Number of protein chains: 2
Amino acid sequence: VTDAPPLSPTKRTRLRRYPHRGLSERSELYAVLDAGVLCYVGAVANGSPRVIPMVYGRIGDTLYLHGSTKNQALVAATKGGSELCVNVTHVDALVLANSLFHHSVNFRSAMIYGSVRVVTDPDERLAGLRSAANQLVAGRGDELPPPTEAQLKQTLVVALSLEEASVKVRDGAPGGDPEDYETDIWGGVLPISRVFEEPWDDPKLRDGITVPEHVTRLVGKPTTL
Amino acid sequence: VTDAPPLSPTKRTRLRRYPHRGLSERSELYAVLDAGVLCYVGAVANGSPRVIPMVYGRIGDTLYLHGSTKNQALVAATKGGSELCVNVTHVDALVLANSLFHHSVNFRSAMIYGSVRVVTDPDERLAGLRSAANQLVAGRGDELPPPTEAQLKQTLVVALSLEEASVKVRDGAPGGDPEDYETDIWGGVLPISRVFEEPWDDPKLRDGITVPEHVTRLVGKPTTL
C-alpha cells in the first residue's frame, strides 16, 4: 500500500505482449525491486548495446547504482543525457507445459527507463551507497561506518528515477492450446526456492568478532535474491 | 574439457576491471550458460537501450533465442545486422565485507556480443526450440512432439554465435583495505542455495498422467537456475 501515483504507461513501458500480465501499482514495482540483488543495466556505447549486471539500492522513487569511476559503461551512461534501461527479474518456477511451444517461466519483472543523474551531494552519495548494502541485507548498510575519503573518490554514484517503469508478472499454470490436452504428456510447474545458507567469516577478521543479528536471522530463511 | 578454441578477447570482451576474474576456457563459458534459465538481451531500439529477459538454449557454439513474431525488440534486433549484447549471471553468495565500500556478490557471468541470424531452416528452428526446453529441464525438449504448424508460424527463432564472449567470476572472501581490518566489524560471505520444489500438475491435464522421471529426479536437488 502506497500513496504514490500508479505506474502510468508510456510509449515504451506499455505492455504490448500479454498486457494482462502488467501490474499498475507502484507498490508492486517496489516489491519486485526490493526482492532483488542484481539489476541488468542496458546502455548504448558507441552505438552498440551493452548489458551490465550491477547491484543497486532503492530509496523512495530513486534507484541508486554505483561503480568505479573507471567503469566505462557507467561513465558513458552519465554523458549527455544518455538513457538507460534497467531490468530486474525473478524466476519463481519453470513452466513445463505439455507442449514445447508453451514452455515458459513464472517470473516477476520490473523495467525502468530513464536518464541517470550523477550524484554529487555527499549526503546523497552516502545514502545511495548505504542503500546498496541494505539491498543485500536489510539494515546492514545503515550500521556500517561511511567509506573513507579515498574509497569515495574512486566511486561514481548515479541515480535513476523510477518515474518511467513497468511491472510484469507471470504466475500459475502453463498455457496450452486445446489440442495439447488431447495428449498423455505431462505438464506442470516446477517451483524453485532459494534459501540463505550458513555464513562464513572473512578469514582476515580479528579474532572474536561474531556474526551480527541482521545476518544470523536470515540463515535458513527463504530469499528471492 | 573441450577441444574448442579458448575465448579470445576482443576490444569489447577484454576485461578492463578486475581482469584476474576472467576465465579463458570455452568450457567455462558453456558451464555458465548451461546453468542458467534467463538471459538478458541488450538491444538498441530507435537509439535507446533495451534489456529483455528471455529464455534461451545452447547447441555447441550457438545460442538460440525465440519469441513471438510480434516481439518488437526481437524483430528489431534482426534488422540490418543489428547487434545484441547478451548477459547471463548467477549470484552465488552475498559478499558482506566489513566495510561498506567492499560489499559485493560472488557471481559467475557470461557476456556475448554479436549479430543475430534469423533461423529459417525447419530442422534448425525445431532444434533451437528444443534447446530452450532442454535448458529448463535436461532432456525434456527432446522428448516432446514438435510444435504445430500454427505455433511455428507465430515463432521467430534467432541464433547468436558464441564467438565473441567473455566469462567473469568472483569467488571467495570479501576484499578489504588494511584499515578495514582494524575494526571489530564482522564481514563474511552469505551463500544462497537454490533447490527445486515439488512440481504441481497443470489442472487441465487428462486424468492419470504422472510426472515424468526427467522432472521427478530434480525435486529437492540444487539448481543454479
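These figures come from a predicted structure and were not determined experimentally.

1. Observations regarding the overall build of chain A
Across its full length, chain A carries six helices and ten strands. Its C-alpha atoms give chain A principal-axis dimensions of roughly 65 × 50 × 40 Å. Looking at chain A as a whole, 54% of its 225 residues are labelled buried. A separation of at least 24 residues holds for 71% of the contacts in chain A among residues at least 6 apart in sequence. Within the structure as shown, chain A displays about 9,800 Å² of accessible surface, and the carbon and sulfur contribution to it stands at 52%. Computing the positive centroid from 24 side-chain charges and the negative centroid from 27, chain A places the two 8 Å apart.

2. Describing the interface of chain A and chain B
Each partner contributes to the interface: chain A provides 97 residues, whereas chain B provides 97 residues. Surface buried jointly by chain A and chain B totals about 8,000 Å² across both partners, of which 66% is contributed by carbon and sulfur atoms. Notably, a salt bridge pairs A:Arg206 with B:Asp184, separated by 3.3 Å at the nearest N-O pair. The interface formed by chain A and chain B holds 36 residue pairs in polar contact (both at pLDDT 80 or more) in total. Secondary structure elements with two or more residues in the side of chain A that touches chain B: strand E2 (38–45), strand E3 (48–59), strand E5 (83–96), strand E6 (104–118), helix H3 (122–136), helix H4 (140–143), strand E9 (188–196) and strand E10 (200–201) of chain A.

3. Thoughts on the pairing of strand E2 (residues 39–45) of chain B
Residues and elements named next belong to chain B. Here E2 lies mainly inside the structure; five of its seven residues are buried. Two elements, E2 and strand E3 (residues 48–54), share seven bridges in a ladder whose sense is antiparallel. Paired with Cys-39 across the two strands is Met-54, which belongs to E3. Where E2 folds back onto E3 in an antiparallel hairpin, the turn is made up of two residues, including Asn-46, whose phi is positive at roughly 55°. Where E2 meets strand E6 (residues 83–96), three bridges bridge the pair, whose relative direction is antiparallel. Residue Gly-42 lies in a different strand from E6, and its bridge partner there is Cys-85.

4. Thoughts on the side chain of B:Asn71
Relative to the helices and strands, B:Asn71 is located in the loop between strand E5 (62–68) and helix H2 (72–77). A polar contact is formed between the side chain of B:Asn71 and the backbone nitrogen of B:Leu74, at a distance of 3.0 Å.

5. A few points about the packing of aromatic side chains
Following the criterion strictly, the structure yields one aromatic pair over all chains and no others. Ring geometry for A:Tyr40 and B:Tyr40: centres 3.5 Å apart, planes at 0°, overall stacked. Of this pair, A:Tyr40 sits in strand E2 while B:Tyr40 sits in strand E2, which puts the two residues in different chains. On the basis of relative accessibility, which here comes to 5%, the residue A:Tyr40 falls in the buried class. Just above the ring of A:Tyr30 sits the side chain of A:Arg58; from NZ or CZ to the centre is 3.9 Å.

6. Some remarks on the pattern of salt bridges
All names here are of chain B. Scanning all chains against the criterion turns up 14 salt bridges over all chains. Note that Asp-61 is salt-bridged to Arg-26, the shortest N-O span being 2.9 Å. Here Arg-26 lies in helix H1 (residues 26–34) and Asp-61 lies in the loop between strand E4 (57–59) and E5, a separation of 35 residues in the sequence. The class of Asp-61 is partly exposed, set by a relative accessible area of 32%.

7. Let's talk about unusual backbone geometry
Peptide bonds are trans in most cases, and residues, glycine excluded, mostly fall at negative phi. Even without being glycine, A:Asn46 reaches a positive phi, approximately 55°. The residue A:Asn46 is located in the loop between E2 and E3 in this model.

8. Digging into the environment of A:Ala35
Summarising the element assignment, A:Ala35 is placed in the loop between helix H1 (26–34) and E2. Sequence separation between A:Ala35 and A:Lys204 is 169 residues, and the spatial gap between their C-alpha atoms is 30 Å.

Calculation criteria
- Residues numbered from 1 in each chain as written.
- Chains lettered and ligands numbered in written order.
- Predicted model: local features only at pLDDT ≥ 70, side-chain atom pairs only at ≥ 80, totals over all residues.
- Heavy atoms only, no water.
- Helix = DSSP H or I, 4+ residues; strand = E, 2+ residues; numbered from the N terminus.
- Buried < 20%, exposed > 50% of the residue type's maximum accessible area, 1.4 Å probe, protein only.
- Contact = heavy atoms within 4.5 Å.
- Areas by Shrake-Rupley, 256 points an atom, 1.4 Å probe, with all protein chains shown as cover.
- Lys, Arg positive; Asp, Glu negative; His and termini not counted.
- Charge placed at Lys NZ, Arg CZ, Asp CG, Glu CD.
- Buried area = accessible area lost by both parts, 1.4 Å probe.
- Salt bridge = Lys/Arg side-chain N within 4 Å of Asp/Glu carboxyl O.
- Polar contact = N/O pair within 3.5 Å; in protein donor to acceptor, adjacent residues only side chain to side chain.
- Pairing = 2+ DSSP bridges.
- Phe/Tyr/Trp six-rings, centres within 6.5 Å; stacked < 30°, edge-to-face > 60°.
- Lys NZ or Arg CZ within 6 Å of the ring centre and 35° of its normal.

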